[in-house]
Amino acid sequence: MSIWSRFANIFRGDRVNRELDEEMQSHIDEAIANGRDPDEARRTFGSTLRAREYSRDVKLPVWFDALRADILFGWRQLVKNKVTAGAAVLSLGLAIGACTSAFRLIDAVLLRPLPVNDPERLYFLTYQMTDGHSKPDTGDSFEYPLFRELRDVAKDQAALMAISYSGKIDLTYGSDLDMEKAYRQYVSGSVFPVLGITPAAGRLLSPNDDVKPGAHPYAVISYDYWTRRFGRDPKVMGRKFRAGNDSIEIVGVSREGFTGTETGTMTDIFMPTMMNSKAISNSNWSWFRIWLRLMPGTRPEQVREKLSAAITHFRREAVKTWPPGAPKERLEQYVNAPLSLEGAAAGVSGMQKDYRRSLVILGVVVALVLLIACANVANLMTAQAASRSREMALRVSIGAGQFRLLQLVLVESALLALAASVFGSLFAWWSAPLVVRMINPPDNPARLLLPADWRVLAFSVTLAILVTALFGIAPAVRASTVKPMSALKGGDDPHARRRLMHGLIAAQVAFCFIVHFIAGLFVATFDRLSSQPTGFAVDRVLTLETVARGEQPVAYWEQIIQKLKTVKGVDSAAVCSWALMSGNGWRSNIWITADTPQTDNPYFLAVSSGWLDTMRIPLLGGRDFVTNDIYPEVAIVNEAFAKRYFDGQNPVGKSFATETDKKRVRTQIIGYAHDARYQNMREPIRPTVYVPFNSITDKGGLRNKDWGTIVVRTAGENPSSLASILRQEVPSTRSEFRVSNIRTQKELVQQHTIRERLLAMLSLFFAIVALVLAAIGLYGVMTYSVLQRQREIGIRMALGAQARDVASRVMTQVFGMLLLGASLGLVGGVASERYIQSLLYGVKTTDLTMLALPALTIFTAALVAALPPVLHAVRIDPAVTLRAE
Amino acid sequence: MRRTDSLQGSIDLLVLKILSRRPHLHGYAIMNAIEEISGEVLQVEEGSLYPALHRIEEAGWIKAQWVTKDTGRRARTYEITAAGRKQLSTEESRWRAVTDAIGRVLRMA
């Protein structure tokens, strides 16, 4: 008989028993037929039960049979306590699901290796620098001439690759009217061979496709784009698209699963770096990351030193060509920027940088919620074990081993965890993509691969086992070490169980406090950040990024503005180089009086006349631009500018110098405008200079422009309703122009608080879950302890104790635990400061209100949860209780 | 849980040997055969025969079959398998080695 038939026998145990009996009976019959005395024949078998037991043990794997019995028994126990089991599965499932979901996100953004050869040997270069406001930051963008040099310097130890940022571009497979968007990355020729990417169709780019600037109009598309855009049409090879002025031919499709190197963005099109032809010999244009794959046996440090020396050498030469007057320490900083090699196994993206910390904190929050749920279930199991202590004692008395009892209780826990895991997986399957969808800056929503593969499965299984161990082992050990004598007598230490439960309550409160504290901080951050004044009217404004075929006279731009103003529903329109808070920026040196430039560069923005009015930025003095105003002759500055450079005096009539085409020019201030936000919500409003949209060329003529952003103020509440009309109106006015992108100003503003909104919403959600779980836990423990002390309370009341005494007696201990938990949570919360501070705005972890709020919420919830059991306690009727015993 | 039986080793050997000569015997017949051939010297008890049969069956050395007898009752008959024959020859040679060894000790001591 095989092992399988033995396992199979488990499920036909009755038949096995029957056959054993039948065989013995036939033996006895035979004996009797041969003249044996019937009684004696029967007696020779001894106890039939024992014989049966023995033969049965041979026929089935004993432990497995026991396990089957335990599972059945455990299942019956759970079904018997439907409500509690259901609540346990639900809360545990929610917590497990949230954890799995968080893992899926963390894995997809930070951990999952790129589908390339030996991802662990991939690195990318970063250097320390200071941002425009002298704050330390890390940079990772490089210029092509430097890359060329570095590639040669390190070629024996590492293969260097230039991989540009994934950018959204306009391209068309037909006429200009059919423009569409796609994400494009420039890659150096060695990228595909070094990463070991194979083609799914056609060919990939090789070093031969990356030799001469502008000479390799070829592109490889990703499998995802091939599927989405072309339905995997094999005829796509050889098709051409136009992007800008280049006509590019598709030569191949990269293999399935490879979507570029930027986690959070899926690249559609890969083009040789040489096709960014204007940037190849420009030493001041940084536009890609440098990736490297170390040769086997090379230490990163070796390569880093070599590259660092080469960069310093290169930059020292480069700064010699810079215009004089830059501060010396800034030059030194640039030349000697500390370089480091960072692992790039999981890809490199801005999303990772932005969301790393947030995701880890969310992971911690959901882990805490899971611990709270575990504590609940542990308490539930302990309480149940208490009511079953006599059953356990009975089992011990009739010979059950300690291990069997342990197994009995653990199996029940495992069943709970299993059911919760199933529920949790469903929750994670639904919720992880939902969270990704919330990371949706206009026009650039995060796209992540979220496969439910073995990594996720392994995580869920590990989590389920861990959870079972967490909430199952303590009650199981307690149940299995039961002493029959004392248990049947009523227990020798009835308080031991309660101590365990109270300890768990303290832990729950501590975790709950931390979760609430973090949620409070994030909600306050979001609230404060999104209520920061922008200085301009956000609603009812539509921004139209407009491009022209070839540079067009500003008069044509003006013509379009005039036409748009006549569209029904449009209040006013104007043009600027880009919308406020769109992420673009232009900063330039200025000189107020002396020969050295100011150390901090103000923002510049080119705007047409009527722009201030369209944006509802009030003028405090002077006048708005008129059509004849020309950059760099006149400018309008904001309050911050006046405060910074003119002691807050009205600066109209004053002047400062700027630099255009390396010539110093004097600019007259003709207007003084209210502060308006240029970049993001976090930084204070910076000095800003508005200059006329019209500018002058070296020859003295008006400069033609091929791009700009038209801003339109609408009469209606919903500016988007005009989007399609305006999109058509632009090319119909002048066919050289078309709208490449339309976004509302509101979207542009809100994109700066997406992360904060996400953190606030999710942490608030989990804070509520944590509170509900902790309250249920407290209610359960209080109810249990009142039930357990019913006799004691009855006696006290019979002896004259007042309701007040009883209530305080029942509550003191638990509320002591609450205090202990809250103080532990407080310590934990304050300790999280260092890690969390950079995500906050306008709040500190040491704010008294931030600490008081969770404490207040939790104590209120605790009071509500404790009320029913306490009421039950004071209503105990001594006569009834004592008679019942 | 299971008591070891001093006769256990030999019971396996006897059962296998009997079944190798006479296939399709039921438990009672095996018991009788052992008693008969050994001239009533070896007595097998029912209480240890059946567990032994089931254990040997579990090991795959014999296989069982239900047959309906003339009386209409079913009986479980056993026959030896190929694996059982192999086991039988190992057991036999081991038994011989042991008895030889014991014989030598008895002669020499």
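Quick caveat: nothing in here was measured; it's all calculated off a predicted structure. Counting restarts for each chain: residues are numbered from 1 in the order of the written sequence. To label them, take the chains in the order written and letter them from A, then take the ligands in the order written and number them from 1. Only residues with pLDDT of at least 70 get local features here, since the model is predicted, and only at 80 or more are side-chain atom pairs given and counted; chain-wide, interface and lining totals rely on the full set of residues. Values reported for side chains reflect all heavy atoms of the structure, with hydrogen atoms and water molecules removed beforehand.

Okay, the overall build of chain B next. In DSSP terms, a helix is any run of H or I states spanning at least four residues, a strand is any run of E spanning at least two, and both are numbered starting from the N terminus. When helices and strands are tallied, chain B shows 4 helices and 3 strands. Ordered by position in the sequence, the α and β elements of chain B form the string α-β-α-α-β-β-α. With the C-alpha coordinates aligned to their principal axes, the bounding extent of chain B is approximately 60 × 35 × 30 Å. With 109 residues in all, chain B has 39% of them scored as buried. Looking at chain B alone, contacts between residues at least 24 apart form 47% of all its contacts between residues at least 6 apart. Counting only carbon and sulfur atoms, one obtains 54% of the accessible surface of chain B, whose full area is about 6,600 Å². Only protein chains enter the accessibility calculation, which uses a 1.4 Å probe; a residue whose area is less than 20% of its type maximum is buried, one above 50% is exposed, and one in between is partly exposed. Working rule for contacts: check all heavy atoms of both residues, and any pair within 4.5 Å makes them a contact. Only the protein chains shown count as covering a residue, and every accessible area follows the Shrake-Rupley method with a 1.4 Å probe.

Before going further, it helps to examine the overall build of chain A. Looking only at helices and strands, chain A has 28 helices and 23 strands in total. Taken along its principal axes, the extent of the C-alpha atoms in chain A is 130 × 75 × 60 Å. Within chain A, buried positions represent 51% of all 885 residues. Across chain A, the centroid of the 101 positively charged side chains sits 3 Å from that of the 81 negatively charged ones. Here Asp and Glu are counted as negative and Lys and Arg as positive; His is not counted, and neither are the chain ends. To locate a charge, take NZ of a lysine, CZ of an arginine, CG of an aspartate or CD of a glutamate.

Take the packing of aromatic side chains next. Residues and elements named next belong to chain A. Aromatic rings from Phe, Tyr and Trp, taking only the six-membered ring of Trp, are treated as a pair when their centres fall within 6.5 Å; an angle between ring planes under 30 degrees marks them as stacked, one over 60 as edge-to-face, and anything in between as tilted. One pass over the full model with this rule turns up 27 aromatic pairs over all chains. Both rings, one in Phe103 and one in Phe459, keep their centres 4.1 Å apart while their planes meet at 5°; by these two values the pair is stacked. Note that Phe103 is positioned in helix H6 (residues 82-111) and Phe459 in helix H15 (residues 454-480), a separation of 356 residues in sequence. Look at Phe147 and Phe288: their rings are 5.6 Å apart centre to centre, the planes differ by 80°, and that puts the pair in the edge-to-face class.

Take the side chain of Ser254(A) next. Residues and elements named next belong to chain A. Relative to the assigned elements, Ser254 resides in strand E10 (residues 246-254). Judged by its relative accessible area of 0%, Ser254 is buried. Apart from residues lying up to four places away in sequence, Ser254 is in contact with Phe192, Ile197, Thr198, Pro199, Ala200, Leu204, Val220, Ile221, Ser222, Tyr223 and Phe270.

What follows covers a nonpolar patch on the surface. The patch calculation keeps residues exceeding 30% relative accessible area without a salt bridge and links them within 9 Å when they carry like charges or within 5 Å when they are nonpolar (Val, Leu, Ile, Met, Phe, Trp, Tyr). Salt bridge criterion: a side-chain nitrogen from Lys or Arg within 4 Å of a carboxyl oxygen from Asp or Glu. Taken together, Leu418(A), Val422(A), Leu426(A), Trp429(A), Trp430(A) and Leu434(A) make up a surface patch of nonpolar side chains, about 690 Å² in accessible area. Of note, Trp430(A) is situated in helix H14 (residues 402-438).

Moving on to empty space enclosed by the protein. Residue and element names in this part refer to chain A. The way it works is a 1 Å grid over only the protein atoms, where trapped points that fit a 1.4 Å probe form a cavity and open points with protein on both sides within 12 Å along at least five of seven lines form a pocket, and then any residue with an atom within 4 Å of a point lines it. Grid points are joined across faces, edges and corners, and a volume is the space filled by probe spheres set on the points. For the structure shown, the criterion picks out 6 cavities of 30 Å³ or more. The volume enclosed by the largest cavity comes to roughly 120 Å³. As for the largest cavity, its lining consists of 14 residues, and the residues nearest its centre are Glu558, Ser608, Ser609, Phe693 and Asn694. Among the elements that line the lining of the largest cavity, the one with the most residues is helix H18 (residues 554-565), at 3 residues.

Residue and element names in this part refer to chain A. With the rule as written, the count across this model stands at 36 salt bridges over all chains. A salt bridge links Lys563 to Glu729; the nearest nitrogen and oxygen atoms lie 2.5 Å apart. In this pair, Lys563 is assigned in helix H18 and Glu729 in helix H21 (residues 723-733), connecting sequence segments 166 residues apart. The exposure class of Lys563 is partly exposed, given its relative accessible area of 31%. Glu736 is the salt-bridge partner of Arg734, the closest N and O atoms lying 3.2 Å from each other. Given a relative accessible area of 17%, Arg734 falls into the buried group. Through salt bridges with shared partners, a single ionic network connects Asp224, Arg228, Asp268 and Arg447.

In this section: the sheet that holds strand E3 (residues 74-80) of chain B. Sheet strands pair by backbone hydrogen bonding; their relative direction is either parallel or antiparallel. All names here are of chain B. Strand pairing follows a simple DSSP-based rule, namely that at least 2 bridges must link the two strands. As summarised here, the arrangement of the 3 strands in space is E1-E3-E2, forming an open sheet in which the pairing is antiparallel. Strands with a single pairing partner mark the edges of an open sheet, and in this sheet they are strand E1 (25-26) and strand E2 (62-68). With respect to the sheet, helix H3 (residues 46-59) is in contact with E2 and E3, its orientation differing from that of E3 by roughly 55°. The angle between two axes is taken between their N-to-C directions and runs from 0 to 180 degrees, where each axis is a line fitted to C-alpha atoms and a helix contributes only its stretch in contact.

Residue and element names in this part refer to chain A. Running from N to C, helix H24 (residues 790-798) and helix H25 (residues 803-831) cross one another at 150°; their axes reach a closest spacing of 10 Å. In terms of axis orientation, H24 runs roughly antiparallel to H25. Here H24 and H25 pass one another in a crossing that is right-handed. On the side of H24, the interface is formed by Glu792, Ile793, Arg796 and Met797, while H25 contributes Val806, Arg809 and Val810. For this classification, Asp, Glu, Lys and Arg are treated as charged, while Ala, Val, Leu, Ile, Met, Phe, Trp, Tyr, Cys and Pro are nonpolar and the rest, including Gly, are polar. Here the residues of the contact of H24 with H25 sort into 4 nonpolar, no polar and 3 charged. Between 65 and 115 degrees an angle is taken as roughly perpendicular, under 35 as roughly parallel, over 145 as roughly antiparallel, and anywhere else as oblique. Crossings are sorted by hand: turned counterclockwise from the far helix by less than a right angle, the near helix makes the crossing left-handed, and turned clockwise it makes it right-handed.

What follows deals with the side chain of Lys705(A). Residue and element names in this part refer to chain A. Residue position: Lys705 is located in strand E22 (residues 705-714). Look at Lys705: it is buried, it has no salt bridge, and the nearest opposite charge is Asp706 at 8.8 Å. Once residues lying within four places of it in the same chain are set aside, the contact partners of Lys705 are Ala548, Gly550, Glu551, Gln552, Val554, Trp557, Phe693 and Ser695.

Turning next to the nonpolar core. All names here are of chain A. In terms of nonpolar packing, the biggest core is built from 109 residues, with Leu92 and Phe471 touching the most fellow members. Counting residues per element, this core draws most heavily on helix H12 (residues 350-387), at 18 residues. Both of domain 2 (63-112 + 350-492) and domain 4 (493-534 + 750-885) provide at least three residues apiece to this core. Filtering out sequence-adjacent residues up to four positions away, Phe471 remains in contact with Leu92, Cys374, Val377, Ala378, Met381, Ser413, Leu416 and Ala417. Leu150, Tyr225, Leu307 and Ala337 belong to the second largest nonpolar core, which has 49 residues in total. To define a nonpolar core, start from buried Ala, Val, Leu, Ile, Met, Phe, Trp, Tyr and Cys residues and group those joined through side-chain atoms within 4.5 Å. Domain ranges listed in this record stem from an automatic or a database domain assignment.

Attention now moves to helix H10 (residues 300-319) of chain A. A helix is expected to span 1.5 Å multiplied by its residue count minus one. For H10(A), built from 20 residues, the straight-helix expectation of 28 Å at 1.5 Å per residue is met to within 8% by its first-to-last C-alpha distance of 28 Å. Where H10(A) is concerned, the buried positions are Val303(A), Leu307(A), Ser308(A), Ala310(A), Ile311(A), Thr312(A), Phe314(A), Arg315(A), Ala318(A) and Val319(A).

Attention now goes to H21(A). An α-helical turn contains 3.6 residues, so any two residues separated by three or four positions project in the same direction. Residues and elements named next belong to chain A. Within the span of H21, buried status applies to Ala723, Leu726, Glu729 and Val730. Looking straight down H21, one finds its buried side chains confined to an arc of 120°; they lie on one side. In H21, the exposed positions that point more than 90 degrees away from the buried face belong to Gln728 and Ser732. Where H21 is buried, its residues contact strand E14 (541-552), H18, strand E15 (570-576), E22 and strand E23 (737-744). In this description, one arc is meant: the one made by directions from the helix axis to the C-beta atoms.

Attention shifts here to the confidence of the model for chain B. All names here are of chain B. Averaged over every residue, the pLDDT of chain B is 82; the share at 70 or more is 91%. Per-element confidence in chain B is highest for helix H4 (residues 82-108), whose mean pLDDT is 89, and lowest for helix H1 (residues 8-21), whose mean pLDDT is 82. Each residue carries a pLDDT score, the predictor's confidence in it, ranging from 0 to 100. The low-confidence segment residues 1-8, where pLDDT is below 50, has 6 contacts with residues more than four positions distant or belonging to other chains. For this predicted complex, the interface confidence reaches an ipTM of 0.79, while the overall pTM sits at 0.78.

Residues and elements named next belong to chain A. For this text, the term disulfide refers to a pair of cysteine sulfurs within 2.5 Å. Overall, the coordinates contain 0 disulfides over all chains when judged by the stated rule. The cysteine Cys99 is free of any disulfide, with Cys374 supplying the nearest cysteine sulfur at 8.8 Å. Exposure remark for Cys99: the relative accessible area of 7% places this residue in the buried category.

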